[in-house]
Amino acid sequence: MIKYKRKKDTAILLLMGRESSGKTASAIAGFSTLAKGVASPKRTARFSLRTDEANERETVSTDHLIKAYQSMKKGKDLPGKTENNQIYSFRLEKNGREICRLAQLDYPSGLRSSKSPAEGQDEAFNSFLAHASILAFVLPGDLLQSYIQLGGKTLEEVTDPVCMENVLSINREINHIKTLLLKAGEINPHAPLLFYVTKSDLVAYPQNIPLVLERLLREWKLLDGNRKVLGCSSTLGKSAVINGNQIQSGFAPEGFEIPLLLAAARRQYVRGRKWNEKETRFIDGTIRRLTQERDEAAASRAALAVHLQTRLIKIFRPEKKAIRELDERIAQLDKTLLEKEKEKEMIPKRNPHQKHARDILSYIETAYPNEVLYINKKGQKRKLQNFI
């Protein structure tokens, strides 16, 4: 079994979903999309992904991701069932410069729900669950379409066997998600949630997915007041024709890079917060030192002034000169303190990590306008830029 030793400042992506939910296809298309590179409309930021060669001994080579993508593109078989853990390690670049590492786990056997992570069910899965930058749950498009067709009816309100099975399928999926949320609650209590709709072409009106997804999350009480919640979708092709396990035509992947980029944005935000704290502590220390120097200079100046006032001859030149020098020193210290206060105010604006996070979210918003859902901890829907 492949073991994974988490590297410092790595964005961790764990897509959790049942068998045949689209986790493996997402890993393949997500890597392939970003390997080619994506850019904002004005091309101010271009993001690309490359293999982290340094980790090849402990993670899976991405060669088979590339081969699987080419296979799908040529109309050959879609990826089959994942038999063993597949850990992928990447490096995300912006405009040709690395900004963070990314690690993704593709695991077998659907959603894990039988044991607590602490009981050692699966080392890699538990590690990714504990350290995930975002807790991502896969909801296949057919499941969301079933929810739409129910029109808000419960199991007690339906009589049609197909509708009853739809209700039961949704119940099973949501209960699995809630079980995993309970598992993650103690070991990863603050990670945002991402509800990721795969196979969105199976939804009758894909443009309504954010609205439908929000309704489902509220109805099933999946909005955790302690976590931010996101929603997005992907498709192998809005007009894809799939026969059995093969794509006959219309292969045009969309949206697969979003989960990877959201995980990277979250990690950059966390790194940026720590960077802000470190820079603030440094400047605060400088301000304290300068303030102490100024106070000491002011006290010395005051003492000299009092001493000068008590002298009968008030033109004692050495003391007058000392006061002038202290006045100049105090003025210089005041100027430096003002500069440091302004520098402190600018810390968030010159934070490189949060700039990367903003650029990532800006790309997603412009490439997929109105297609990504964001709900803050108060349960309020907001623009994606407010995620960080």
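Above this text is the structure in question.
Let me begin by describing the structure that accompanies this report. (Residues numbered from 1 in each chain as written. Predicted model: local features only at pLDDT ≥ 70, side-chain atom pairs only at ≥ 80, totals over all residues. Heavy atoms only, no water.)

1. Points about the overall build of the protein chain
How we decide: We count a stretch as a helix when DSSP gives it H or I for four or more residues in a row; a strand needs E for two or more, and each element gets its number in order from the N terminus. Between buried and exposed lies partly exposed: a residue is buried under 20% and exposed over 50% of the maximum accessible area for its type, with that area taken using a 1.4 Å probe on protein chains only. Residues are treated as being in contact if the distance between any of their heavy atoms lies within 4.5 Å. A 1.4 Å probe and the Shrake-Rupley method give the accessible areas. Residues count as covered only by the protein chains that appear here.
Across its full length, the protein chain holds nine helices and eleven strands. By the burial criterion, 48% of the 388 residues in the protein chain qualify as buried. Long-range contacts, defined here as pairs at least 24 residues apart, represent 75% of the contacts in the protein chain between residues at least 6 apart. Total accessible area on the protein chain is roughly 20000 Å²; 50% of this is exposed by carbon and sulfur atoms.

2. Notes on unusual backbone geometry
The phi dihedral of Lys199 falls on the positive side, at around 55°, and the residue is not glycine. Residue position: Lys199 is located in the loop between β7 (193-198) and α6 (209-219). By relative accessible area, which is 32% here, Lys199 ends up partly exposed. In this structure, Asn370 is a non-glycine residue whose phi angle is positive, near 65°. A residue is classified by how much of its surface remains accessible, and Asn370, at 72% relative accessible area, is exposed.

3. Re helix α2 (residues 63-73)
We count it as follows: Note that the arc is defined by the directions from the helix axis to the C-beta atoms.
Taken together, the buried positions of α2 are occupied by Leu65, Ala68, Tyr69, Ser71 and Met72. Seen along its axis, α2 keeps its buried residues to an arc of 160°; they face one direction. Away from the buried face of α2 by more than 90 degrees, exposed residues Lys67 and Lys73 are located. On its buried side, α2 packs onto α1 (23-36), β4 (86-94) and β10 (246-249). Immediately downstream of α2, the backbone of Gly75 shows phi near 85°, a positive value.

4. Considerations on the nonpolar core
Here is the rule we go by: Put simply, buried Ala, Val, Leu, Ile, Met, Phe, Trp, Tyr and Cys residues joined by side-chain atoms within 4.5 Å make one nonpolar core.
In this structure, Leu92, Leu102, Leu262, Ile360, Ile364 and Leu384 are the most contacted members of the largest nonpolar core, which totals 51 residues. Broken down by element, this core gets its largest block of residues, seven residues, from helix α7 (residues 257-310). Setting aside residues no more than four positions away along its own chain, Ile364 makes contact with Ile258, Leu261, Leu262, Val372 and Leu384. Leu14, Phe128, Val167 and Leu216 belong to the second-largest nonpolar core, a separate cluster that totals 41 residues.

5. Comments concerning the packing of α1 against α2
Going by this rule: The axes used here are C-alpha line fits, helices contributing only the stretch in contact, and every angle between their N-to-C directions lies in the interval 0 to 180 degrees. Each angle receives one of four descriptions, namely roughly parallel if under 35 degrees, roughly antiparallel if over 145, roughly perpendicular if within 65 to 115, and oblique otherwise. Note that Gly is not counted as nonpolar here; it falls among the polar residues with everything else outside the nonpolar set of Ala, Val, Leu, Ile, Met, Phe, Trp, Tyr, Cys and Pro and the charged set of Asp, Glu, Lys and Arg.
At a minimum axis distance of 9 Å, the contact between α1 and α2 shows a crossing angle of 100°. Here α1 is positioned roughly perpendicular relative to α2, judged by the angle of their axes. Residues Ala27, Ile28, Ala29, Phe31, Ser32 and Lys36 of α1 lie in contact with α2, whose contacting residues are Leu65, Ile66, Ala68, Tyr69 and Met72. Split into classes, the residues belonging to the contact of α1 with α2 amount to nine nonpolar, one polar and one charged.

6. Let's talk about the environment of Asn85
Considering the arrangement of structural elements, one finds Asn85 in the loop between α2 and β4. A relative accessible area of 8% means that Asn85 is categorised as buried.

7. Considerations on the pairing of strand β5 (residues 97-106)
Two faces make up the sheet, and in a regular strand the side chains alternate between them. Keep this limit in mind: DSSP calls a pair of strands paired once it identifies at least 2 bridges connecting them.
Among the ten residues that make up β5, seven are buried, leaving the element largely enclosed by the rest of the structure. Pairing of strand β1 (residues 10-16) with β5, which is carried by five bridges, proceeds in the parallel orientation. Bridge assignment links Ala11 to a residue of β5, and that residue is Leu102. Pairing analysis gives nine bridges linking β4 to β5, with the strands arranged antiparallel. When the sheet's bridge partners are listed, Arg91 is paired in β5 with Arg101. Between the end of β4 and the start of β5, which pair antiparallel, lie two residues, with Asn95 showing a positive phi angle near 55°.

8. Describing the packing of aromatic side chains
The criterion, for reference: The pairing test for Phe, Tyr and Trp rings, Trp by its six-membered ring, is centres within 6.5 Å, and the orientation test on the planes gives stacked under 30 degrees, edge-to-face over 60, and tilted for anything in between. The criterion for a charge sitting over a ring is simple: Lys NZ or Arg CZ within 6 Å of the ring centre, and within 35 degrees of the ring normal.
Within this structure, the stated rule accounts for seven aromatic pairs. Their ring planes at 10° and their centres at 6.3 Å tell us that Tyr88 and Phe90 sit as a pair that is stacked. Across this residue pair, the class does not change: Tyr88 and Phe90 are buried. With 5.7 Å between their ring centres and 75° between their planes, Tyr374 and Phe387 make a pair best called edge-to-face. Residue Tyr374 is found in strand β11 (residues 373-375), and its partner Phe387 is found in the segment after β11; the two are separated by 13 residues along the sequence. For Tyr374, a relative accessible area of 2% translates into the label buried. Pairwise contacts between aromatic rings join Phe31, Tyr88 and Phe90 into one cluster. Geometry around Tyr107 places Lys23 over its ring, the cationic atom sitting 5.2 Å from the centre. Directly above the aromatic system of Tyr269 lies the positively charged group of Lys228, at a separation of 5.4 Å from the ring centroid.

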